[in-house]
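Each chain is listed here by its residues.
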Amino acid sequence: MSSPIGRLIDGRLLLDAGPSEAGFSRLAAFKRCPQMYAYKHLLGLELEDAAPLIKGSLIHVGLAHIYKRFALSAQGGNSGPGPASYHDWPDAVRLLAEDFERGAPGRPRREALKWVPLVQQTLAHYLAAHGHETPQVLLVEEQIRVGLRWAAGSRRVAEVRLLERGQSVQDPPGSGAPSALGARGAPGASPWRLYTQRLDLVTEAKGANGALILEVVDHKSTSYLKAGHDGTAETYSMHGQFWGAELLARLRFPNHPVVRVYANLVEWPKERRGDAPGSKPGQLQRARITPAPWMLSSFWEDVLDWYDQRDQLVAETTGQGEGPGGFSRDLPSRARDAWSWPKAGLDTACRTFYGPCAYRELCRHGKSRLARLELEMGFRVPEKEKG
């Protein structure tokens, strides 16, 4: 049984720590390479290595349950909505791994249970170092939803509406006027677009002068920490997901003038032949993200620009745009023209510090590589794409 914050399993809640409804990851995929986006989201070709995603998801759900327990302990219990309580974090990690193993409609089954010992040991080490802390937790794994639109006749964002849970981006402002940044939309303004992002953790602290400080924390996992965790955090200071997190936290908690953004950085151990998963735990450290105020000042304009560019390509490919809902759903189209979306053609896009792009063989050789990839990756290519 599902709820807005998770699922009820065996009488206890498992928090939802998955992707948000219409979030930054799709925008980032499109900006990195439109052709890669089309392969994945229009043609349904899933080629990426699933292991980083699975380990990252498991560490997310474990941390979510740890901090939810911190929050509830401060309130004197483990109660969720109604009579439900939350699963302990080791059980939450195992339950999500079992979900990956079962698969879901339209999604392949993934090996995940083998990573459970590694994730559990990593979290146990983290708790040994930080379990004595008593953070003032304000929010754990909450999806923030906003509506965006252009001002009439300009390239400024006219309005940013903070949406309530379940509220449609097309619902007119009414009861409980939504929060806004900038001027109200003028007549003839563009349609509302949906943007969402899941905030992993928000805590509150007091500064030396007694002022309240809002601490926004995003969990990130990596195979290495560049020049120590501060070097990796410096890299993330130019990552739009952190800009969005700060702006959405400011909307969600408008009475906190000081906002600091952090990354909980998880470094997975280097695997050697013969090592059993979990024999060496990962390391988890927190580092502050360097502020980027100039980038923050144009983030919403950038988001709307990306929407416009993407929808223009969709309209050219399928003959119709996606409408004001943003990136909130996969397009059912299997149009052949999706093979001719613009390719990045840059070494920074075709090979990143995560490794080479999983779709590079398709960009090199086109559909002639589909049959080989189907055998190697174990997925089924839609028949109409093989012709």
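From a predicted model like this one, the values you see are computed outputs, not experimental measurements.

Thresholds applied
- Residues numbered from 1 in each chain as written.
- Predicted model: local features only at pLDDT ≥ 70, side-chain atom pairs only at ≥ 80, totals over all residues.
- Heavy atoms only, no water.
- Helix = DSSP H or I, 4+ residues; strand = E, 2+ residues; numbered from the N terminus.
- Buried < 20%, exposed > 50% of the residue type's maximum accessible area, 1.4 Å probe, protein only.
- Areas by Shrake-Rupley, 256 points an atom, 1.4 Å probe, with all protein chains shown as cover.
- Contact = heavy atoms within 4.5 Å.
- Core = buried A, V, L, I, M, F, W, Y, C linked by side-chain atoms within 4.5 Å.
- Axes fitted to C-alpha atoms, helices over the stretch in contact; angles between N-to-C directions.
- Parallel < 35°, antiparallel > 145°, perpendicular 65-115°, else oblique.
- Left-handed = near helix turned anticlockwise from the far one by under 90°.
- Nonpolar A, V, L, I, M, F, W, Y, C, P; charged D, E, K, R; others polar.
- Expected span 1.5 Å × (residues − 1).
- Disulfide = S-S within 2.5 Å.
- pLDDT = per-residue confidence, 0-100.
- Pairing = 2+ DSSP bridges.

J.: Sorry if this is basic, but what is going on with the overall build of the protein here?
T.: Along the protein, the regular secondary structure elements total twelve helices and twelve strands. Across the 387 residues of the protein, 47% fall into the buried class. Accessible surface computed for the protein: about 19400 Å², of which carbon and sulfur atoms make up 52%.

J.: I would appreciate a short explanation of the side chain of Arg198 in the present structure.
T.: Checked against the element boundaries, Arg198 lands in strand 7 (residues 193-206). According to the relative accessible area criterion, Arg198 is buried, its value standing at 12%. Those residues within four positions of Arg198 in sequence are excluded, and the remaining contacts are Asp16, Ala17, Gly18, Pro19, Ser20, Glu141, Glu142 and Gln143.

J.: What is the right way to read the nonpolar core from this model?
T.: Burial of nonpolar side chains together is a common tendency in soluble globular proteins. Membership of the largest hydrophobic core comes to 41 residues, with the highest contact counts inside it found for Leu58, Tyr67 and Leu123. Those elements that place two or more of their residues in this core are strand 3 (12-15), helix 3 (50-75), helix 4 (89-102), helix 5 (116-130), strand 5 (136-150) and strand 9 (258-267). Looking at this core, the element that brings in the most residues is helix 3, giving 13 residues. Core analysis: the second largest hydrophobic core is formed by 37 residues, Leu214, Phe299, Trp306 and Tyr307 among them.

J.: In this structure, what is going on with the packing of helix 4 against helix 5? I would like to understand it.
T.: Packed helices, taken two at a time, are described by their axes: the angle between them and the distance between them. Put simply, helix 4 and helix 5 touch, their axes get as near as 10 Å, and they point 155° apart. By the angle class used here, helix 4 and helix 5 are roughly antiparallel. As helix 4 packs across helix 5, the resulting crossing turns out to be right-handed. Contact with helix 4, carried on its side by Trp89, Pro90, Val93, Arg94 and Ala97, involves Val116, Val119, Gln120, Leu123, Ala124 and Leu127 of helix 5 and no other residues of that element. Grouping the constituent residues of the contact of helix 4 with helix 5 by class yields nine nonpolar, one polar and one charged.

J.: Could you clarify how one ought to interpret the packing of helix 1 (residues 24-32) against helix 2 (residues 34-42) in this entry?
T.: For the pair helix 1 and helix 2, the least separation of the axes is 5 Å and the interaxial angle reads 130°. In this view, helix 1 runs oblique relative to helix 2, as classed from their interaxial angle. For the pair helix 1 and helix 2, the contacting residues are Arg26, Ala29, Phe30 and Arg32 in the first and Pro34, Met36, Tyr37 and His41 in the second. A per-class count over the contact of helix 1 with helix 2 returns five nonpolar, one polar and two charged.

J.: What am I meant to see in helix 4 here?
T.: For an α-helix, 3.6 residues make a turn, and residues three or four places apart therefore share a direction. The end-to-end C-alpha distance of helix 4, which contains 14 residues, comes to 20 Å, matching closely the 20 Å that a straight helix rising 1.5 Å per residue would cover. Those residues of helix 4 that fall on the buried side of the exposure criterion are Trp89, Ala92, Val93, Leu95, Leu96, Ala97, Asp99 and Phe100. Positioned one or two residues after helix 4, Gly103 has a phi angle of 80°, which is positive.

J.: Can you walk me through the state of the cysteines in this structure?
T.: Structurally, a disulfide amounts to a covalent bond that connects the sulfur atoms of two cysteines. Under the definition given, this model contains zero disulfides. Of all cysteine sulfurs, the one in Cys363 lies closest to Cys33, which takes part in no disulfide; the gap is 5.5 Å. Lacking any disulfide linkage, Cys350 is separated from the closest cysteine sulfur, that of Cys33, by 6.3 Å.

J.: Sorry, what's going on with the confidence of the model for the protein here?
T.: It should be kept in mind that the predicted coordinates are not to be read in detail where pLDDT is low. The predicted model of the protein has a mean per-residue pLDDT of 77, with 73% of residues at 70 or higher. Across residues 174-186 the pLDDT falls below 50, and counting only partners more than four positions away or on other chains, this stretch makes 24 contacts in the model. This model gives residues 320-336 a pLDDT under 50, and the stretch forms 52 contacts once residues within four places in sequence are excluded.

J.: Help me understand the pairing of strand 3 in this model?
T.: The two faces of the sheet receive side chains in turn, since in a regular strand these alternate between them. Of the pairings in the sheet, the one linking strand 2 (residues 6-9) to strand 3 comprises four bridges and is antiparallel in character. Looking at strand 3, one finds that Arg7 is bridged to Leu14. The turn joining strand 2 and strand 3, which pair antiparallel and follow one another in sequence, is formed by two residues; a positive phi near 55° is taken by Asp10. Relative to strand 4 (residues 85-86), strand 3 runs parallel, the two being bridged by two bridges. Residue pairing in the sheet places Leu13 in a bridge with Tyr86 of strand 4.

J.: Whenever I open this one, unusual backbone geometry confuses me. Can you help?
T.: Glycine aside, residues mostly have negative phi, and peptide bonds are mostly found in the trans state. Even without a glycine there, the phi angle at Asp10 is positive, about 55°. Counting through the fold element by element, Asp10 comes out in the loop between strand 2 and strand 3. Its identity as a non-glycine residue notwithstanding, Glu141 has a phi of 50°, on the positive side. Within the secondary structure, Glu141 is located in strand 5. Looking at Glu141, the relative accessible area reads 5%, which means it is buried.

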